[in-house]
Amino acid sequence: MTQSIVLTNHKGGIGKTTSATNIAFGLVAALRHYGAAHPLVLLIDTDSQGHASLATTGRRDFGADNSLYTVLMAERKDAAQAMADCIVQSTWDADLHVLPASPMLEGAERELMGVAGAPFRIAEPLSRIASHYAAVVIDTRPSFSLLTEMGLLAATDAIIPVEPRYLETVGLLSVMQKISDIREGWRHPILRVRGILVTKMDSRVRGHNQLLGELKAHSVLGGLLRGVVPQNEAVSYSHHHHLSIFHYEPKAAAAKAYGHIVDGLVRQLFGRKEAGA
Ligand SMILES: Nc1ncnc2c1ncn2[C@@H]1O[C@H](COP(=O)(O)OP(=O)(O)O)[C@@H](O)[C@H]1O
Ligand SMILES: [Mg+2]
């Protein structure tokens, strides 16, 4: 079964898209490094803002006929074909494919609200094409919306990025609750919280260190901490140039951090001892 990793948190601006895109690319590089026959990774952008699509394809012109919106609006029997048709190659790597978002997703959410089976409109077609891919990474919008629910129902693993600020870490428990509601309420037992990523960490800020310390010591959350990504200007520049952090500045602190995170994921998901991203 293809592992499908969703990056989620109902807060915006905390590094979901940065993490989803760089982890997706990192997985391609790591799988290739290990000689995987098909190191193909699919990135699904469920956020109508389309930042992950823009960063990885350089395009923001996806719409009614060539985006996730098309898949959501397709007849059930046609949805898997629509999904396959709408997937494009990223500009980052030939083996990183993207199912792009469109601003129309906003309206799709309203149209599908209350429609039977709507929450499975990503999971169902994905289950029919996922075997083409070694892994799937799903970026979500900053809310517990229908589209986020669709992303969670299409995933096997959830990673929660969080900034090291007090209210953000308090909000973590409600994200964990939402994931467990999906697991139990929607009978999706395969979904598990794979880890928490602390993003935009500035070790010069006392409050950041204090919160990281508290998180590490927390009885539940502490064991889930999978990585710390430093606050690093190179990240903003990499977005600006529509490049992964690994391409933009491979020696940047954030590139090293994402490299470690990908190593850990590859170990967990694919049973490898180590990987280079
Ligand atoms: N490690 C980091 N260091 C510095 N800036 C970052 C870092 N991670 C993300 N950012 C910046 O923070 C903003 C929000 O990041 P983004 O990944 O789009 O968050 P989200 O998807 O959660 O809204 C962007 O401007 C991005 O460049
Ligand atoms: Mg985002």
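See the structure printed just above.
Residues numbered from 1 in each chain as written. Chains lettered and ligands numbered in written order. Predicted model: local features only at pLDDT ≥ 70, side-chain atom pairs only at ≥ 80, totals over all residues.

K.L.:
Any chance you could explain the site of ligand 1 here in plain terms?
P.N.:
As a structural note, the neighbourhood of ligand 1 is formed by 18 residues, with Gly15, Lys16, Thr17, Thr18 and Val235 the closest of them. Contributing elements (two or more residues each) for the shell around ligand 1: helix 1 (16-33), strand 7 (192-201) and helix 10 (233-240). Grouping the amino acids of the shell around ligand 1 by side-chain chemistry returns five nonpolar, eleven polar and two charged. (Near = placed C-beta within 6 Å. Helix = DSSP H or I, 4+ residues; strand = E, 2+ residues; numbered from the N terminus. Nonpolar A, V, L, I, M, F, W, Y, C, P; charged D, E, K, R; others polar.)

K.L.:
For this particular structure, what's the right way to read the sheet that holds strand 6 (residues 157-162)?
P.N.:
As a general point, the strands of a sheet are linked pairwise by backbone hydrogen bonds and lie either parallel or antiparallel. Taken in spatial order, the eight strands make up an open sheet running 3-4-2-5-1-6-7-8, and their pairing is mixed. Both edges of this open sheet fall to strand 3 (88-89) and strand 8 (225-230), since each of them pairs with a single strand only. Strand direction decides the pairing type here: strand 2 (residues 41-45) and strand 5 (residues 135-139), joined by five bridges, are parallel. Paired with Ile44 across the bridge in strand 5 is Ile138. (Pairing = 2+ DSSP bridges.)

K.L.:
For this particular structure, what's the right way to read the pairing of strand 2?
P.N.:
When a strand is regular, its side chains alternate between the sheet's two faces. In terms of residue burial, strand 2 counts as a mostly covered element, since five of its five residues are buried. In strand 2, alternate side chains face the same way, and those of Val41, Leu43 and Asp45 on one face and Leu42 and Ile44 on the other are all buried. Looking at chain direction, strand 2 and strand 4 (residues 96-99) are connected through four bridges and run parallel. Note that in strand 4 the partner of Leu42 across the bridge is His97. (Buried ≥ 20, exposed ≤ 12 C-beta atoms within 10 Å, placed from the backbone.)

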